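Architecture and fold: a report
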Amino acid sequence: MTRQLARSPYLAGEAFTAADISVTYALQLAQRSGGVSLGGAETAYVARTTGRDAYKRAMETCKDTKAWAARVAAQ
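Residues numbered from 1 in each chain as written. Predicted model: local features only at pLDDT ≥ 70, side-chain atom pairs only at ≥ 80, totals over all residues. Heavy atoms only, no water.

**What to know about the packing of aromatic side chains**
Counted by the stated rule, this structure contains one aromatic pair. Taken together, a centroid distance of 5.5 Å and an interplanar angle of 75° make the contact between Tyr10 and Phe16 edge-to-face. With a relative accessible area of 8%, Tyr10 lands in the buried category. A relative accessible area of 18% places Phe16 in the buried class. The ring of Tyr10 carries Arg48 above its face, with NZ or CZ at 5.9 Å from the centroid. (Phe/Tyr/Trp six-rings, centres within 6.5 Å; stacked < 30°, edge-to-face > 60°. Buried < 20%, exposed > 50% of the residue type's maximum accessible area, 1.4 Å probe, protein only. Lys NZ or Arg CZ within 6 Å of the ring centre and 35° of its normal.)

Here it is in structure tokens:
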């Protein structure tokens, strides 16, 4: 993933896709639940993807995910 992000802003190149939503979710899960520290490229990627309206809409559609994220953020 780090090599791909060195070449392009998203996993599929210049286009933001469902893969980016999925991978961003997994990276955030690893940070929140697994204590994983992201490198610079991954941190910038998460900031880029989570700042997009499409990502926000995707996360808003799942009430369980939204509730889980709120619980973890409160800890």
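Now that the structure has been shown, the text picks up again.
**Considerations on the packing of helix α2 (residues 18-34) against helix α4 (residues 53-60)**
The contact between α2 and α4 brings their axes to 11 Å, and the two run at 70°. Comparing their axes, α4 and α2 come out roughly perpendicular. Crossing of α2 over α4 shows right-handed handedness. Touching Ile21, Thr24, Tyr25 and Gln28 of α2 are Ala54, Tyr55, Ala58 and Met59, all from α4. Each residue belonging to the contact of α2 with α4 can be placed in one class, and the counts come to six nonpolar, two polar and no charged. (Axes fitted to C-alpha atoms, helices over the stretch in contact; angles between N-to-C directions. Helix = DSSP H or I, 4+ residues; strand = E, 2+ residues; numbered from the N terminus. Parallel < 35°, antiparallel > 145°, perpendicular 65-115°, else oblique. Left-handed = near helix turned anticlockwise from the far one by under 90°. Contact = heavy atoms within 4.5 Å. Nonpolar A, V, L, I, M, F, W, Y, C, P; charged D, E, K, R; others polar.)

**Overview of α2**
Across its 17 residues, α2 extends 23 Å between first and last C-alpha, which sits within 8% of the 24 Å expected from 1.5 Å per residue. Looking at α2, one finds that the buried residues are Asp20, Thr24, Leu27 and Gln28. Buried residues of α2, seen end-on, are gathered within an arc of 95° and therefore sit on one face of the element. Facing away from the buried side of α2 by over 90 degrees, the exposed positions are Ala18, Ser33 and Gly34. Elements in contact with the buried residues of α2: α3 (40-50) and α4. Trailing α2 by a residue or two, Gly35 shows a phi angle of about 65°, which is positive. (Expected span 1.5 Å × (residues − 1). Arc of directions from axis to C-beta.)

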